[in-house]
Amino acid sequence: MKRIYLDHTATTPLDARVFEAMRPYFSEIFGNASSIHSFGREAKSALEKARETIAKAIGAQSGEIFFTSGGTESDNFAIHGVALAAAKKSAGKNHIVTSAAEHHAVLEPCEILKEEGFEVTVLPVDSNGLVTPEQVRNAITDKTCLVSIMHANNEVGTVYPIKEIAAVAHERRVVVHTDGVQTLGKIPFSVKDLDVDLMTLSAHKLYGPKGIGALFVKKGTELEPMIHGGGQERGKRPGTENVPLAVGFAKAVELAIEEMQTEMPRLESLRSNLQSQIRNHFPPAIINGHPTSRLPHILNISFDNNKIPLQGEMLVMNMDLQGIAVTSGSACTSGSMQPSHVLLAMGRDEKTAKATLRFSFGKSNTEEDVDYVVSTLKQILQRMTDG
Ligand code: PLP
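A few points on the structure. (Residues numbered from 1 in each chain as written. Predicted model: local features only at pLDDT ≥ 70, side-chain atom pairs only at ≥ 80, totals over all residues. Heavy atoms only, no water.)

Hydrogen bonding along the main chain pairs the strands of a sheet, whether they run parallel or antiparallel. The strand order across the open sheet formed by four strands is 9-10-15-12, and the pairing between neighbours is antiparallel. Sheet topology places strand 9 (286-288) and strand 12 (327-328) at the edges, where each strand pairs with a single neighbour. Of the strand pairs in this sheet, strand 9 and strand 10 (residues 298-302) are connected by three bridges, and their pairing is antiparallel. By the bridge assignment for strand 10, Asn288 is matched with Asn300. (Pairing = 2+ DSSP bridges. Helix = DSSP H or I, 4+ residues; strand = E, 2+ residues; numbered from the N terminus.)

Laid out in structure tokens, this is it:
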């Protein structure tokens, strides 16, 4: 059976070139990057080269890149690290501003900090998933120590006006963190131009290995470590460095940046073909996400639940049986399917949120895939409506 992967926002396969770049660092070049002998120095040199490549790709200095285990850790590190540093410096700095459409890796650390006495303002988003700089400006108080708003949303693809948000936060000397997990290698940017203080990155969304990410921390930003026990990553994130994964991350970033100019317009055209075909065949379908400020490879679409009593997960399972991997607008929480918090925040009702599919395109996808998805979807929806 034909198998079509359309869930590149969840993860991507490792690029063969990335695998080849990593390979020697699992075996021949195995030293501990903190050892001073030649084995260690070889590993250290590869690690620093990887750091430099990633820094250069986002317009940072290599000393501003801290390797972590992935996006989740980087988000936690940024939020707890800045909050703790601010609280240590001045007892009154205990307010954080974030948005309702953030990834759980941002929302949950904020919830934990709330239990520890921090105040958290969760800004509502509009029907396109957007937060405006004005909302951020109005939420900042003298107590605010951190604004954390994502660069682009992983469910609906909306890209946020981070540069403008950073500008209003900086007027009040507030530190700005953004989650760039979904934007690295997808849209061009530089942290200098965005003027953010911290940015979360992850390798496995751009054909790199799982289990490695980074946190960009602008020089001079005060950040407390979350874990202790060694001097690695300049004491901010101790633990023996994972050199093969860092090398793979850097190679993946290098390739993504190199190929972005040709690959992203290609994916955007696949996305737009799928979007118009679905809209033609199922007219009440709603496109979720900003009409223009949206990542090129994501299509998040809700079907009319009044006509078709759809459960997204049933659709996902039926598509899977036909070899197509997509995601629904619900997530499994405590054993039951809960509608996406992002879609609810955008004002979709529970029924609509549940009747939602997210398609995210990547390197392996073609025009034929789009046609196959549309004809399969037609058959499945026909079957579900009939009976
Ligand atoms: N932030 C965003 C926006 C994401 O999409 C994801 C992954 O889905 C994460 C953070 C978590 O990244 P990781 O899987 O590397 O922990």
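Trans is the common state for peptide bonds, and a negative phi is the common state for residues other than glycine. Positive phi is not limited to glycine here, since Glu233 has a value of about 50°. Note on placement: Glu233 falls in the loop between strand 8 (213-217) and helix 8 (243-281). Located in the positive-phi region is Arg234, a residue other than glycine, with phi close to 50°. Mapped onto the elements of the fold, Arg234 is located in the loop between strand 8 and helix 8. Given the relative accessible area of 41%, Arg234 is considered partly exposed. (Buried < 20%, exposed > 50% of the residue type's maximum accessible area, 1.4 Å probe, protein only.)

Turning our attention to the environment of Leu245. Here Leu245 shows up in helix 8. Take Leu245: its relative accessible area is 12%, and that puts it in the buried class. Each C-alpha atom, one on Leu245 and one on Tyr25, is 8.6 Å from the other, the two residues being 220 residues apart in sequence. Apart from the residues within four sequence positions on either side, Leu245 is in contact with Met22, Phe26, Pro209, Lys210, Gly211 and Ile212. (Contact = heavy atoms within 4.5 Å.)

For the rest of this paragraph, the subject is the pairing of strand 2 (residues 65-68). For a regular strand, side-chain orientation follows a simple rule: the groups alternate between the two sheet faces. Both faces of strand 2 are covered, namely the face carrying Ile65 and Phe67 and the face carrying Phe66 and Thr68. Inspection of the sheet shows strand 2 paired to strand 8 by four bridges, in the antiparallel sense. Along strand 8, the bridge assignment pairs Phe67 with Ala214.

So, on to the site of the ligand. As a structural note, the neighbourhood of the ligand is formed by 13 residues, with Gly71, Thr72, Asp179, Ser202 and Lys205 the closest of them. In this structure, an oxygen atom belonging to the ligand sits 2.6 Å away from a side-chain N or O atom of Thr72. Residue Asp179 places a side-chain N or O atom 2.6 Å away from a nitrogen atom belonging to the ligand. Per-element tally for the shell around the ligand: the top contributor is helix 3 (residues 71-89), with three residues. Class assignment for the residues of the shell around the ligand results in two nonpolar, eight polar and three charged. (Near = heavy atom within 4 Å. Polar contact = N/O pair within 3.5 Å; in protein donor to acceptor, adjacent residues only side chain to side chain. Nonpolar A, V, L, I, M, F, W, Y, C, P; charged D, E, K, R; others polar.)

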